[in-house]
Amino acid sequence: MKHIKRTAAAVALTASVLLVSGCSSSTTADTSKNAADGKPIVNKDNWPKKIPTSGLTKDLTLPLEAYMTSYADQVTVDQTTNDLEQSCMKDYGIDLTLPLAGANPPPSDNDANIERRYGITDRAEAAKYGYELPPALQQHTEQTIRDLSGAEVEVLTGHTKPELPNAAKGVKAGGPLAAPGQGAKPARAEYNGKKLKAGGCVGWSKDQLGVKATDPTFVAQLAGDSLVQSMKDDKVTKAIAAWSSCMDGKGHRELADPYKAMDQGVTNDGQPTQESIALAVDDVDCKTQTDLVKIWFGVETAIQNQQIADNKTTLTGIKEQHGKELAAARQQMAASAR
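Here is what the cut-offs are and how they apply
Residues numbered from 1 in each chain as written. Predicted model: local features only at pLDDT ≥ 70, side-chain atom pairs only at ≥ 80, totals over all residues. Heavy atoms only, no water. Helix = DSSP H or I, 4+ residues; strand = E, 2+ residues; numbered from the N terminus. Buried < 20%, exposed > 50% of the residue type's maximum accessible area, 1.4 Å probe, protein only. Areas by Shrake-Rupley, 256 points an atom, 1.4 Å probe, with all protein chains shown as cover. Disulfide = S-S within 2.5 Å. Core = buried A, V, L, I, M, F, W, Y, C linked by side-chain atoms within 4.5 Å. Contact = heavy atoms within 4.5 Å. Axes fitted to C-alpha atoms, helices over the stretch in contact; angles between N-to-C directions. Parallel < 35°, antiparallel > 145°, perpendicular 65-115°, else oblique. Nonpolar A, V, L, I, M, F, W, Y, C, P; charged D, E, K, R; others polar. pLDDT = per-residue confidence, 0-100.

Q: Teacher, can you tell me more about the overall build of the protein here?
A: Counting its secondary structure elements, the protein contains 12 helices and 4 strands. Across the 338 residues in the protein, those meeting the buried criterion constitute 45%. On the protein, roughly 17300 Å² of surface is accessible, and the fraction owed to carbon and sulfur atoms is 51%.

This is the structure we're talking about:
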């Protein structure tokens with residue numbers, strides 16, 4: 001059960017981590033090209049669907065997803081924040097181009113990770129990729145910003161430039177500039193005759209959108225708890241046992257749950273093998289035969305509805321805050337487009 005609990009929580013939280021890393025860079029235009037290969041840096045075709053359109057989770061959404069930020073919405077807020085930062089820096093006479101958001105999308109739209117929450121669920125993808133992600137989602141676009149002077153860092157962040165290892169070249173998207181640490185001190189009072197903003201241009205930009213620091217894992221943690229609880233339900237344990245028996249009948253022995261199959265099927269180099277594809281296809285077929293996903297989803301839906309009732313005030317506040325930030329970002333984008 002300890003293994004199951006760790007795995008279940010990891011499934012629920014993985015999408016959260018991916019979402020943050022996928023949004024760590026900001027976007028200014030979908031038509032921006034990578035000079036090296038001519039491909040767009042931001043390709044919305046690779047962005048995850050808000051609701052699955054294929055597989056056993058097609059059209060399924062869990063109740064807690066209503067309180068999670070979608071990938072597209074998070075990119076909108078991140079892009080607008082970065083656009084404001086660039087504009088703010090320009091007011092101080094500093095030209096700065098920040099990385100593009102949406103360049104490295106996660107495999108799931110939000111923290112529920114519904115597509116793989118109960119193991120793999122799309123037979124067509126299983127037949128192509130086994131347990132691996134599609135090639136487009138395995139690629140990572142590295143983006144850097146030019147090395148900023150100490151004064152420029154102070155204008156941007158409101159604190160002095162952190163000390164970086166001598167080997168560091170440039171600053172990767174999501175790097176340490178915006179976060180105080182490593183001996184950073186408060187910034188100077190002014191630059192080019194203009195008073196610096198509280199928190200620098202980063203802090204000012206967040207203030208313009210009403211962005212507030214909130215616990216980024218509260219909803220994801222609830223979702224992790226609901227997944228763990230659901231696996232103790234009699235209907236789910238029976239369905240998992242039926243799935244395991246089905247897999248055993250196909251020659252895949254000692255697979256206690258779908259996460260074990262994923263552990264066994266994922267390859268070291270990210271390239272599917274004939275064996276991993278065969279395992280993946282049988283995995284999805286056994287889920288279909290036993291109605292595992294339908295049963296599991298139904299049980300977890302009931303658990304999450306109770307969680308929402310028990311945490312209504314906190315969840316409502318989170319949802320309202322997300323809504324305010326997104327509305328402010330869209331308003332700012334519209335104003336900039338005029």
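Now, onward.
Q: Help me understand the state of the cysteines, please; the structure alone is not making it clear to me.
A: In protein chemistry, a disulfide is the covalent bond that joins the sulfur atoms of two cysteines. All told, the structure shown has 2 disulfides when counted by the stated rule. Paired by a disulfide, Cys-88 and Cys-201 hold their sulfur atoms 2.0 Å apart. Given an S-S torsion of about -70 degrees, the disulfide between Cys-88 and Cys-201 has left-handed geometry. Of this pair, Cys-88 sits in helix 2 (residues 71–91) while Cys-201 sits in helix 6 (residues 200–209); the two residues are 113 residues apart in sequence, bridging distant segments of the chain. With respect to burial, Cys-88 and Cys-201 carry one shared label: buried. Along the protein, the cysteines that take part in disulfide bonds pair up as 1-2, 3-4, counted in sequence order.

Q: Teacher, can you tell me more about the nonpolar core here?
A: Soluble globular proteins tend to bury their nonpolar side chains together. Counting residues in each nonpolar core, the largest one holds 30 residues, and the members touching the most others are Tyr-118, Tyr-131, Trp-243 and Trp-296. Setting aside anything within four residues of it in sequence, one finds Tyr-131 in contact with Arg-116, Ile-120, Ala-261, Met-262, Gly-265, Val-266, Ser-276, Leu-279, Ala-280 and Asp-283. Counting 14 residues, the second-largest nonpolar core is a separate cluster that includes Leu-98, Leu-156, Leu-196 and Cys-201.

Q: How should I be thinking about the packing of helix 5 (residues 150–157) against helix 6 in this particular structure?
A: The relative placement of two packed helices is expressed as an angle between their axes plus a distance between the axes. At their nearest, the axes of helix 5 and helix 6 sit 2 Å apart, and the two run at 20 degrees to each other. As far as their axial angle goes, helix 6 and helix 5 are roughly parallel. Where helix 5 approaches helix 6, its residues Glu-154, Val-155, Leu-156 and Thr-157 are matched on the opposing element by Gly-200, Cys-201 and Val-202. Here the contact of helix 5 with helix 6 is built from residues that sort into 4 nonpolar, 2 polar and 1 charged.

Q: Explanation requested: the side chain of Thr-76 in the structure shown.
A: Take Thr-76: it is sitting in helix 2. Thr-76 gets classed as buried once you look at its relative accessible area, which sits at 17%. With residues up to four places along the chain from it excluded, the contact list for Thr-76 reads Leu-326, Ala-329, Arg-330 and Met-333.

Q: Would you take a moment to explain the confidence of the model for the protein for this structure?
A: Predicted confidence across the protein gives a mean pLDDT of 86, with 83% of residues reaching 70 or more. In the predicted structure, residues 1–10 sits below a pLDDT of 50 and forms 12 contacts with residues beyond four places in sequence or in another chain. Low confidence marks residues 12–33, where pLDDT is under 50. Its contacts with residues over four positions away, or in another chain, come to 67 contacts.

Q: Would you mind going over helix 5 with me for this structure?
A: Working note: α-helix, 3.6 residues per turn, so residues spaced by three or four point in the same direction. Most of helix 5 is tucked away: 7 of the 8 residues are buried. Summarising the contacts, the buried residues of helix 5 are in contact with helix 2, strand 3 (190–191) and helix 6. One or two residues past the end of helix 5 sits Gly-158, with phi positive at roughly 85 degrees.

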